[in-house]
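Architecture and fold: a report
As a plain string of letters, each chain reads:
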Amino acid sequence: MKTILITGGAGFIGSHVVRLFVTKYPEYRIYNLDKLTYAGNLANLSDIEDAPNYTFIKGDITDAKFLEDLFAEVPVDGVIHLAAESHVDRSITDPMAFVMTNVVGTVNLLNAAKNSWVANGFDGKRFYHVSTDEVYGSLHNPEEFFTEETPYDPQSPYSASKAASDHFVRAYGNTYKMPVVLSNCSNNYGPNHFPEKLIPLMIHNIRNNKPLPVYGKGENVRDWLYVVDHARAIDTIFHNGKLGETYNIGGFNEWRNIDLVNLLCSIMDRKLGRPEGTSAQLITYVTDRAGHDLRYAIDAHKIMNELGWEPSLQFEEGLEKTVDWFLNNQEWLDNVTSGNYQSYYESMYANR
Ligand SMILES: NC(=O)c1ccc[n+]([C@@H]2O[C@H](COP(=O)([O-])OP(=O)(O)OC[C@H]3O[C@@H](n4cnc5c(N)ncnc54)[C@H](O)[C@@H]3O)[C@@H](O)[C@H]2O)c1
């Protein structure tokens, strides 16, 4: 039996990874380690919380002693590391939180894994670090894409902290011969997305007839991937990725923010039975984010050609599914926007 520690499993992407591993691999033992920050929500996993091969552990990766004790107690074979502070705007107001979790937390996790694995050799072990395309900086030439060889050029405190953690993971692979593998993915969207991020924020605001804040002129370009396709890519890389390698993950799906918001408005008008053009009137241009990267675009040929992964959903289909999920899960959204989800699940966890 394989024992896998997934960090950040109560968050947006982590919850889809946990669900995929718990349901697809009943023979594995899956531990989900999460601090339950504002972004962690156990409601994301309510459908699998009683699965026999699943255990939730509340804990903080900035606590090195806690991690050493955990690895002494649980015979971890593989780590899939997603826990992070993930919102660029928050990194601008509080960079140190990003240094602590994304850099110090990652190094703590590397140390705990290395120290527990080194005695018996690294055979059968694997440390997988989940990262972002934002480490590559911003593209200005429309012909250009981020490849695995693109030099790092992070522009925000968030991307700088993720870049630092990527470097540490590679350094542990090089220096201690730890079995590491990394991926850098483009922007995700889908169910359980925290409504501070563009797509769920717009869905929430359109539904409630609130202004739709679009940074600058809305010309920034992002490359969107359905979150379940990212979870499938993580499964593929965890099992078949070559040790020491990095894989870029993306869907060749670039959208200017303003075009994406207009598309969402039109989908929402149809779903809510409003005349076409109603929601678009809510669009409000606001002062641009400081240092806002212009364009991200991933060249995903390596994972496609070498590992046979490809996205399963076209963007319009994924967006329809996402809108339907948010409209059908109003309670989830209300609990998150009101902050109730934290106290409810805190007390539930305390009673277990
Ligand atoms: N969201 C995207 O579009 C995207 C794209 C590419 C890569 N990534 C990366 O994927 C990972 C997950 O992103 P997400 O969007 O799901 O993030 P998220 O903010 O939704 O979730 C992060 C999770 O980590 C947990 N966490 C935070 N600090 C912790 C700590 N100190 N100890 C333990 N747990 C802690 C939170 O409680 C939360 O459950 C991140 O590493 C992020 O950099 C995200």
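Going by what an unreviewed UniProt entry lists, the protein chain is known as dTDP-glucose 4,6-dehydratase and is assigned to Fibrisoma limi BUZ 3. Taken from UniProt, the Cofactor (unreviewed entry) comment for the protein chain reads in full: "NAD(+)". If you open the UniProt record of the protein chain and go to Sequence similarities (unreviewed entry), you find "Belongs to the NAD(P)-dependent epimerase/dehydratase family. dTDP-glucose dehydratase subfamily."

A few words on the pairing of strand β6 (residues 180-185). Among the six residues in β6, six count as buried, and that is most of the element. What you see with β6 is no split at all: V180, L182 and N184 on one side and V181, S183 and C185 on the other are buried throughout. When strand β5 (residues 126-132) meets β6, the two strands line up parallel, connected through six bridges. Note on β6: the bridge partner recorded for Y128 is V181.

Close to the ligand lie 28 residues; I13, D34, S86, Y158 and K162 are nearest. Within the backbone of G11, an N or O atom sits 3.0 Å from an oxygen atom of the ligand. Residue L36 places a main-chain N or O atom 3.4 Å away from an oxygen atom belonging to the ligand. When the ligand is considered free in solution it has 840 Å² of accessible area, and contact with the protein chains removes 97% of it. When contributions to the shell around the ligand are tallied by element, the ones reaching two or more residues are α1 (12-24), β5, α5 (157-175) and β7 (187-189). Ranked by the residues each element gives to the shell around the ligand, the list is headed by β5, at three residues. Counted by class, the shell around the ligand contains twelve nonpolar, twelve polar and four charged residues.

What follows covers the sheet that holds strand β11 (residues 254-256). The strand order β7-β9-β11 describes an open sheet built from three strands, whose pairing is mixed. Here the strands that pair on one side only, and so sit at the sheet edges, are β7 and β11. Recorded for the sheet is a direction-independent mean angle of 50° between the axes of neighbouring strands. Contacts from helix α8 (residues 257-272) reach β9 (221-226) and β11, with the element oriented near 90° to β11.

If you walk across this open sheet you meet the seven strands as β3-β2-β1-β4-β5-β6-β10, and the pairing is parallel. Edge strands, defined here as strands with exactly one partner in the open sheet, are β3 (54-58) and β10 (246-249). Along the sheet, successive strands turn relative to each other by an average axial angle of 20°, direction set aside. By the bridge criterion, five bridges tie strand β1 (residues 3-7) to strand β2 (residues 29-34) in an arrangement that is parallel. Bridge pairing links I4 to I30 in β2. Together, β5, β6 and β10 form the strand contacts of α5, whose direction differs from that of β5 by roughly 155°.

Rules used throughout
Here, residues in each chain are numbered from 1, in the same order as that chain's written sequence. This being a predicted model, a pLDDT of at least 70 is required before a residue's local features are given, and a value of 80 or more before pairs of side-chain atoms are given or counted; all residues contribute to the totals for chains, interfaces and linings. The side-chain quantities take in all heavy atoms of the structure and omit both hydrogens and water. UniProt positions are given in the numbering used here, feature names are shortened, and annotations may be inferred rather than shown by experiment. The classification of residues rests on relative accessible area computed with a 1.4 Å probe and restricted to protein chains. Under 20% of the type maximum is buried, over 50% is exposed, and intermediate values are partly exposed. In this text, helices come from DSSP runs of H or I with a minimum length of four residues, and strands from runs of E with a minimum of two, each type numbered from the N-terminal end. A strand pair is defined by DSSP finding two or more bridges across the two strands. Any residue with a heavy atom lying within 4 Å of a molecule or strand is counted as near it. Identification of polar contacts relies on pairs of N or O atoms within 3.5 Å, with a donor-acceptor requirement for protein atoms, meaning one able to donate a hydrogen and the other able to accept it, and with residues adjacent in sequence counted only if both atoms are side-chain atoms. Residue-level accessible areas treat just the shown protein chains as cover; the underlying method is Shrake-Rupley with a 1.4 Å probe. Under the grouping applied here, Gly and all other residues not named as nonpolar or charged are polar, the nonpolar ones being Ala, Val, Leu, Ile, Met, Phe, Trp, Tyr, Cys and Pro and the charged ones Asp, Glu, Lys and Arg. Only C-alpha atoms enter the line fits that serve as axes; for helices the fit covers just the stretch in contact. Angles between N-to-C directions range over 0 to 180 degrees. By definition, residues are in contact when any of their heavy atoms lie within 4.5 Å.

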